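# Structural features, examined
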Amino acid sequence: MKKNCIFVVFLAVSCLVSLASFAQSEVKDFPVGTTNMVYEIKTEDVAAPQTITLNVEGYADGRYRLRMSVDSTGTADELGVFGFLFGMTQTSTGGSSVTFDPLGALFQHRDRLTAGEEYRLEGGATFTGTELVTIAGLPCLQGAYTNPKQPDVRITVAFSLLRPVFISPYIREEELRNGQWVETFSLKLTQYAVNPA
């Protein structure tokens, strides 16, 4: 089973269904109209990049409509992950569970964060090397997340400072293998548009 592919699909669904891990906004944060988000996903286990498209339609009466589509091309083995989609209970990559819970506090208080600062998180995790970047036209704060419980994994994360997004605009996971950092997974917001009602 391709664990990185499972991670990608589970991440997207968990953000829509439970707004877990990398969820940065609640549905109520999205404006009236349609917000379109397109993400490109690359893993070491699937040769072709995958695409996740998320649409949030906000109605004037306070209701919302959420849509998600996943587009992926690959071998039967690479795409077999979709059969396990709803059986996932935890996020796993590279054979080990990765917890992102400490980042939740940063997502909730992102308006107070400053580029160039280092942040110590629960359990000894850190968010360092912070800088302002623009991703798909959105101003974001990006930095490196490390957890002492997982010293062979480092994750670059960016989150939107102004606009609502369900999934972080940028996530890159690297694993230390034979003394070198190897990229195993990346997710990047490639399109973001709001169409008012």
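Refer to the structure presented above.
Cut-offs and rules
- Residues numbered from 1 in each chain as written.
- Predicted model: local features only at pLDDT ≥ 70, side-chain atom pairs only at ≥ 80, totals over all residues.
- Heavy atoms only, no water.
- Helix = DSSP H or I, 4+ residues; strand = E, 2+ residues; numbered from the N terminus.
- Buried < 20%, exposed > 50% of the residue type's maximum accessible area, 1.4 Å probe, protein only.
- Contact = heavy atoms within 4.5 Å.
- Areas by Shrake-Rupley, 256 points an atom, 1.4 Å probe, with all protein chains shown as cover.
- Core = buried A, V, L, I, M, F, W, Y, C linked by side-chain atoms within 4.5 Å.
- Phe/Tyr/Trp six-rings, centres within 6.5 Å; stacked < 30°, edge-to-face > 60°.
- Pairing = 2+ DSSP bridges.

This paragraph deals with the overall build of the protein. Each helix and strand counted, the protein has three helices and 11 strands in total. Taken from N to C terminus, the helices and strands of the protein fall in the order α-β-β-β-α-β-β-α-β-β-β-β-β-β. Relative to its 197 residues, the protein shows a buried fraction of 46%. Contacts in the protein between residues at least 24 apart in sequence constitute 53% of all its contacts with a sequence separation of at least 6. When the accessible surface of the protein is totalled, it reaches about 9800 Å², and 49% of it is carbon and sulfur.

A word on the nonpolar core. Among the nonpolar cores identified, the biggest contains 35 residues, and M37, Y39, L103, L106, L121, F127 and Y145 are the most heavily contacted of them. For this core, the secondary structure elements donating two or more residues are β1 (33–43), β2 (46–58), α3 (103–108), β7 (126–135), β8 (138–146), β9 (153–160), β10 (170–177) and β11 (180–195). Beyond its immediate chain neighbours, meaning those up to four positions away, L106 contacts L113, Y119, L121, F127 and F159.

Turning our eyes to something else, we now look at the packing of aromatic side chains. This structure, assessed with the given rule, holds two aromatic pairs. Both rings, one in F127 and one in F159, keep their centres 5.9 Å apart while their planes meet at 35°; by these two values the pair is tilted. Here F159 lies in strand β9 and F127 lies in strand β7, a separation of 32 residues in the sequence. Of the residues examined, F127 reaches a relative accessible area of 0% and is grouped as buried. Judged by its relative accessible area of 0%, F159 is buried.

Let's shift gears to the sheet that holds β8. Spatially, β3-β2-β1-β11-β10-β9-β8-β7-β6 is the arrangement adopted by the nine strands of the open sheet, whose pairing is antiparallel. Pairing within the sheet leaves two strands with one partner each, and these edge strands are β3 (64–71) and β6 (119–120). Judged from the eight bridges that link them, β10 and β11 form a sheet pairing that is antiparallel. Bridging across to β11, L176 finds its partner in W181.

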